[in-house]
Every structure is written in C-alpha cells, then in structure tokens.
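So the chains spell out like this:
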Amino acid sequence: MLRDEDAVFAKRVAEQGGSVVWREWEGMPHVFAFMLEKHEASRLFLEEFGRFCRGVVGAEQGEGEGKGGDGEGVQSSAILYKAKTLEPITSPVSEITELSDEQVERFMREGRQRIEGRGDGSTEARPML
C-alpha cells in the first residue's frame, strides 16, 4: 500500500542529493523474507540487507569489520527484482516512480475533498478497520 508514497519520498531525497538504496521485490508481501524463509528471494533480500548494513557502518565487503562508520560504502541505486526469475532490473532512483509532485499534490487535494464530502464535517483521519 505504501509503495508509491515511499517511491515519491525516495525520489525527492535523491533529487536533493541524499543517498537512496531502493530495492523492490515484485509480487512479494511485506516482510516476505521472514515469512517465506526458504524462498530464494528471501536469501537474496537478506544478502542485500547485510550488504547495505555493512556499507552504512563502513565495513569492508565480506570482512565485517568497521572502518569508522562514515557510511562511505553506500551509493544511491535502485533495483527491481522480477517476481518469477528474480532478475534484477536496475534504473536510476529518479525513475522509480512516474508520479510528479504536481500529481501527488492533486491526489492529496482530491483525497481531502473525498474525506470532507463524507458529510460528518470531520477531516480527522479515521482508522481503516
């Protein structure tokens, strides 16, 4: 449910010079690596996550010893892993979503109007369940 929201945020961070490591696993549920432990995608996810963590703390690839924690090992990247083949599709972070800031603002405005149109006069968020 949050994929588009996260993609817009990641794209904005990258546009402002921040480092973004985007990994998308096509067709997988949230926290799939912990529910589908024996699935090949889970193994690949955990390898990616470990590589990210070592990069953040400045550890050498495969060594596990820190180099001072400056995070210099983390570079922006975006990869979509295809559902059936786990083929990695690399793209610039700027292309992980086609949503523009203008579209996001329009969707937010339309959503607020729908909430206000409920007739109870409340614009407060309500639980989904």
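Above this text sits the structure in question.
Here the structure is a predicted model, which means the values were calculated and not measured.

## Side note on the packing of aromatic side chains
Counted by the stated rule, this structure contains six aromatic pairs. The interplanar angle of 70 degrees and the centroid separation of 6.1 Å between the aromatic rings of W25 and F45 together place this pair among those described as edge-to-face. Remark: F45 occurs in helix α3 (residues 40–57) and W25 occurs in strand β1 (residues 21–25); sequence separation between them is 20 residues. Since its relative accessible area comes to 23%, F45 is described here as partly exposed. Ring geometry for F32 versus F45: centroids 5.7 Å apart, planes at 65 degrees, classification edge-to-face. Here F32 is found in helix α2 (residues 32–35), whereas its partner F45 is found in helix α3, with 13 residues between them in sequence. F32 sits in the buried class, given a relative accessible area of 5%.

## Notes on helix α1 (residues 3–15)
Compared with an ideal rise of 1.5 Å per residue, which puts 13 residues at 18 Å, α1 spans 18 Å between its outermost C-alpha atoms and is within 8% of the ideal. The set of residues buried in α1 consists of A7, V8, A10 and K11. Projected down its long axis, α1 carries its buried residues within an arc of 165 degrees, all on one side. Exposed and oriented more than 90 degrees from the buried face of α1 are E5 and F9. On its buried face, α1 is in contact with β1 and α4 (101–116). Positive backbone phi, approximately 95 degrees, marks G17, located one or two places after α1.

## Some words on the nonpolar core
By size, the foremost hydrophobic cluster in this structure holds eight residues: W25, F32, A33, A41, L44, I79, Y81 and L86. Counting residues per element, the ones that place at least two in this core are α2, α3 and β2 (77–81). Not counting residues up to four positions away in its chain, the partners in contact with F32 are W25, A41, S42 and F45. Listed in part, the seven residues of the second largest apolar core include A10, V20, W22 and A78.

## Section: the pairing of strand β3 (residues 88–91)
Of the strand pairs in this sheet, β2 and β3 are connected by four bridges, and their pairing is antiparallel. The partner of L80 across the bridge, within β3, is I89. Connecting β2 to the antiparallel partner β3 that follows it, the hairpin turn spans six residues, and L86 within it adopts a positive phi of roughly 60 degrees.

## Details of the sheet that holds β3
The strand order β1-β2-β3 describes an open sheet built from three strands, whose pairing is mixed. Edge strands, defined here as strands with exactly one partner in the open sheet, are β1 and β3. With direction set aside, neighbouring strand axes in the sheet form an average angle of 20 degrees. Here five bridges tie β1 to β2, and the two strands are oriented parallel to one another. Across the sheet, the residue bridging to W22 is A78, located in β2.

Cut-offs and rules
Residues numbered from 1 in each chain as written. Predicted model: local features only at pLDDT ≥ 70, side-chain atom pairs only at ≥ 80, totals over all residues. Heavy atoms only, no water. Phe/Tyr/Trp six-rings, centres within 6.5 Å; stacked < 30°, edge-to-face > 60°. Helix = DSSP H or I, 4+ residues; strand = E, 2+ residues; numbered from the N terminus. Buried < 20%, exposed > 50% of the residue type's maximum accessible area, 1.4 Å probe, protein only. Expected span 1.5 Å × (residues − 1). Arc of directions from axis to C-beta. Contact = heavy atoms within 4.5 Å. Core = buried A, V, L, I, M, F, W, Y, C linked by side-chain atoms within 4.5 Å. Pairing = 2+ DSSP bridges. Axes fitted to C-alpha atoms, helices over the stretch in contact; angles between N-to-C directions.

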